[in-house]
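Listed here are the chains, written in short residue letters.
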Amino acid sequence: MQRENFNDILAFLAVARERSFTRAAARLGVSQSALSHTITGLEARLGLRLLTRTTRSVSPTEAGERLLLAVGHRFEEIEAELEALSELREKPAGMIRITAIDYVADTILLPKIAKFLPQYPDIKVEIIVDYGLTDIVAERYDAGVRSGEQVAKDMIAVRIGPDMRMAVVGAPSYFAKRSAPKKTQDLTDHNCINLRLPTYGGLYAWEFEKVGRELKVRVDGQLVFNGTVQMLNAALAGFGLAYVPEDLAQPHVAAGRLKRVLEDWCPPFPGYHLYYPSRRHSSPAFALLIDALRYRS
């Protein structure tokens, strides 16, 4: 293979993963036209079309998908090894990309990272808020955050938070017009604030458990959000019932701004874990961040 093809393949991998010339060009620090020219040249040398382009999307062809699967992880391993060489530096350095939901980013990651980063000025952390069950390998994240019961078995998981509970809450102004639900079935008669999940494009079913009995309840209401904080604010404004993390709602419950219901149906569950591929080579910067985020009871 000609040496210039290596750079061209790196360009192809960026476009294939981002599914966008715009995003790939921004990540590579080149113009869209230069990137398009590079891909066209690679396709010409191979005699194969690697990408299908439309006005709205970019996706790999069968040949492109085969190339992505065949060489993508090898280039990732090379990049990981090069990153690992940073341990020869006097100071740990590098960019670490993490995906998590907004609640985790605000209440767990940011407070710990705020104490960590000033000690290591050459380390950078990028946190992407996402409610989808993101494939961190395909999307090239260094790590993701999920509750303990959601982490895949082939991943390394590090607990970063305590056990959690959820809470169903509503404002006093809401309950002034409706009686509080006594059982989960009563939720069908209430205006509930829903959460949209991007993974399947559906609404999240509220999860309950009592005496070993597990239930998932599909609720309905006038408002749908794709973020926890917005659901809480809507509940505070009296728009309906919200299903949110207990520690997020508790200060408002204590202050009388919210009333909690169905508490006996919301038992603790495994807290949030940082997870990453078992084959990932941990750089000094990543190892330091893991230790800073680790939950210590």
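So, here's what we can say about the structure. (Residues numbered from 1 in each chain as written. Predicted model: local features only at pLDDT ≥ 70, side-chain atom pairs only at ≥ 80, totals over all residues. Heavy atoms only, no water.)

Some thoughts on the environment of Arg-218
No. 1: With respect to the element layout, Arg-218 can be found in the loop between β10 (213-217) and β11 (224-225).
No. 2: In this structure, the C-alpha to C-alpha distance between Arg-218 and Ala-63, residues 155 residues apart in sequence, is 42 Å.
No. 3: Of note is the side chain of Arg-218, whose polar atom sits 2.6 Å from the backbone oxygen of Leu-203. (Helix = DSSP H or I, 4+ residues; strand = E, 2+ residues; numbered from the N terminus. Polar contact = N/O pair within 3.5 Å; in protein donor to acceptor, adjacent residues only side chain to side chain.)

A closer look at helix α3 (residues 32-46)
The periodicity of an α-helix, 3.6 residues per turn, causes residues three or four places apart in sequence to face the same way.
No. 1: Taking 1.5 Å per residue as the helical rise, α3 with its 15 residues ought to reach 21 Å, and the 21 Å between its terminal C-alpha atoms agrees with that figure.
No. 2: Within the span of α3, buried status applies to Leu-35, Ile-39, Leu-42 and Glu-43. Projected down its long axis, α3 carries its buried residues within an arc of 100 degrees, all on one side. Residues Ser-33, His-37 and Ala-44 are exposed on α3 and point more than 90 degrees away from its buried face. (Expected span 1.5 Å × (residues − 1). Buried < 20%, exposed > 50% of the residue type's maximum accessible area, 1.4 Å probe, protein only. Arc of directions from axis to C-beta.)

Some points on helix α8 (residues 246-254)
No. 1: Three or more residues of α8 are buried, namely Leu-248, Ala-249 and His-252. When α8 is viewed along its axis, its buried side chains cluster within an angular range of 80 degrees and face the same direction.
No. 2: The secondary structure elements touched by the buried residues of α8 are α5 (102-116), β7 (166-170), α7 (228-236) and β12 (242-245).
No. 3: Looking one or two places after α8, you find Gly-256, whose phi comes out positive at around 85 degrees. (Contact = heavy atoms within 4.5 Å.)

Considerations on the state of the cysteines
No. 1: On inspection of all chains with the given rule, the structure shows zero disulfides.
No. 2: No disulfide involves Cys-192; its sulfur sits 12 Å from that of Cys-266, the nearest cysteine.
No. 3: The exposure class of Cys-266 is buried, given its relative accessible area of 4%. (Disulfide = S-S within 2.5 Å.)

Side note on the packing of helix α2 (residues 21-28) against α3
The angle between the axes and the distance between the axes are what describe a pair of packed helices.
No. 1: Two elements in contact, α2 and α3, have axes separated by 9 Å at closest approach and are oriented at 100 degrees. The angle between the axes of α2 and α3 places the two elements in the roughly perpendicular class. Residues Phe-21, Thr-22, Ala-24, Ala-25 and Leu-28 of α2 pack against Gln-32, Leu-35, Ser-36 and Ile-39 of α3.
No. 2: Partitioned by chemical class, the residues of the contact of α2 with α3 number six nonpolar, three polar and no charged. (Axes fitted to C-alpha atoms, helices over the stretch in contact; angles between N-to-C directions. Parallel < 35°, antiparallel > 145°, perpendicular 65-115°, else oblique. Nonpolar A, V, L, I, M, F, W, Y, C, P; charged D, E, K, R; others polar.)

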